[in-house]
Amino acid sequence: MMQTVVFTIVSNNYLQYARTLMRSLAAVHPGCRRFVCVADKISAEDPTASAAFQTVAAHNLPIPNFHDMAFRYDVMELNTAVKPFMFRWLLEDQGFDRAIYLDPDIFVYRPLTEVGALLDAGASGVLTPHIMRPLEDGGKPDDHDILQSGIYNLGFAAMTRQPEALAFLAWWGRRLQFQCYSDVRNNLFTDQRWCDFAPSFMPNLALLRHPGYNVAYWNLAHRKIEAGLDGAMTVNGEPLVFFHFSGLRFEEPRLGWADLGNAQTLFSNYRQAVMDNGWSESRKCPYAYDEVDGIRLSGPIRGLYRKRYPQHAPKESCLDSAFIVRMCNQRVDIPAARGRVVVTELMKHVHGSRPDLQAAFNLETREGVLAFARWFETIPCREYGLDPRFTRQGLIGSLHVEPLPDAARDPIPNEGRSLL
């Protein structure tokens, strides 16, 4: 008999969602093994874990240079980047035949029978499309939004130990190690856009079109939820298998509360279940990888790190506070600033990433440089939570920083390949 495991991935502030998901799974799949991968530092044993699920820390998975990923990605990006590695650990290291991933903000109402049937028939994996009909009613999201975020919703995925699935997971992991950014403008949305390749790379991949799977705000316009005579919910006449309460919001952007109809009951019951599973305590949990030695890894610091090291980790043995100060306070030679103020790599990165700053402060002029330095001394501390060591001219000037010789060069597209 095939061994199946179901897992999710959370940081500590999402444990209440993982508990809710796992208890819903235990009710409909009592004999199925269940895991919660925690992309955070596990400070204490979850007393609910032994009954409903097993816990594994993401840093204990066989991920090459996990510390770099935790430094490179914010909390959402890291949680999604871990996914193919957790799949491989369960299938290859733990010996399960099939692994199913579910986002923590999902509630399962019925057994995943249709997934099992597809895998029994020989599918190497199963995905669900975001939508199965065009979204052309003027609401949001629309077809273009779906295209930007990815054709398949990776809140659900099933993979097997078949060679083509393992090969895909290995490739997916290589991509997510350095390219799991939430950067829709540059055609990346964490792990999802990469899975647009899945039907091409996996000949035996199955696409599950059952309307009762992965019901969520983006497809609710096409899925009519009704209560049957026995009180069980149906979707377009089929049983509701699981609802995806995406975004942790109980009043979704596409449809107002009044438009939810019978789905109001689902949202109300789910909200209460999450609260009963520790909402008030878990949501306040700090994220362990949000700071290093007391320095907050704000967006500009992570962004500068990604820019300097787009496809490899630095040679530094430890990504500690000394490295962060050294990276951020590297001097930039700007003629208009010579003898007046110090412009650092972090200052230049923030300026280059914001059109409003570029319009307000022309760094080719003395006045623009001085005004930008004054702005940087005050606003980024509040706006980004930057340490004063990166913003105050007096502190920057007093620190001697050695150059970083191993910063990566931007990759050359198609280097080594023949171009038409």
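Each remark here, short or long, concerns the structure printed above.
All of the points below concern the structure found in this document. (Residues numbered from 1 in each chain as written. Predicted model: local features only at pLDDT ≥ 70, side-chain atom pairs only at ≥ 80, totals over all residues. Heavy atoms only, no water.)

As a further point, take the layout of surface pockets. To find leftover empty space, one rolls a probe the size of a water molecule over the atoms. Roughly 1,100 Å³ of internal volume is contained in the largest pocket. Tyr-181, Ser-182, Asp-183, Asn-186 and Arg-306 are the residues nearest the centre of the largest pocket, which is lined by 36 residues in total. Mapped by element, the contributors of at least two residues to the lining of the largest pocket are strand 8 (182-183), helix 12 (299-308), helix 14 (345-353) and helix 15 (355-360). The dominant element in the lining of the largest pocket, judged by the number of residues it contributes, is helix 12, at six residues. A per-class count over the lining of the largest pocket returns eleven nonpolar, twelve polar and 13 charged. (1 Å grid on protein atoms, 1.4 Å probe; cavity = no way out; pocket = protein on both sides within 12 Å on 5 of 7 lines; lining within 4 Å. Points joined across faces, edges and corners; volume = space filled by probe spheres on them. Helix = DSSP H or I, 4+ residues; strand = E, 2+ residues; numbered from the N terminus. Nonpolar A, V, L, I, M, F, W, Y, C, P; charged D, E, K, R; others polar.)

All right, on to the pattern of salt bridges then. Taken as a whole and judged by the stated rule, the model has 16 salt bridges. Ionic pairing is found between Glu-92 and Arg-88, a salt bridge with its closest N-O pair at 2.9 Å. Here the residue Glu-92 and the residue Arg-88 both occupy positions in helix 5 (residues 83-93), the gap between them amounting to four residues, near one helical turn. With a closest N to O distance of 2.7 Å, Glu-383 and Arg-354 form a salt bridge. With Glu-383 in helix 16 (residues 366-383) and Arg-354 in the loop between helix 14 and helix 15, the pair connects residues that are 29 residues apart, well separated along the chain. The class for Glu-383 is partly exposed, based on a relative accessible area of 42%. Linked by salt bridges that have partners in common, Lys-140, Asp-142 and Asp-145 make up one network. (Salt bridge = Lys/Arg side-chain N within 4 Å of Asp/Glu carboxyl O. Buried < 20%, exposed > 50% of the residue type's maximum accessible area, 1.4 Å probe, protein only.)

Buried residues dominate strand 2 (residues 33-38), accounting for five of its six residues. Bridge count between strand 1 (residues 4-10) and strand 2: six bridges; the pairing is parallel. Paired with Val-10 across the bridge in strand 2 is Val-38. After leaving strand 1, the chain enters helix 1 (residues 15-28) and then returns to the sheet as strand 2, a path that is right-handed. Alignment of strand 2 against strand 3 (residues 54-57), held across four bridges, turns out to be parallel. (Pairing = 2+ DSSP bridges. Right-handed = clockwise from strand over helix to strand, strands pointing away.)

Its location among the elements puts Val-82 in the loop between helix 4 (75-81) and helix 5. Among the residues examined, Val-82 registers a relative accessible area of 0% and is labelled buried. Separated by 45 residues in sequence, Val-82 and Cys-37 have C-alpha atoms that sit 8.8 Å apart.

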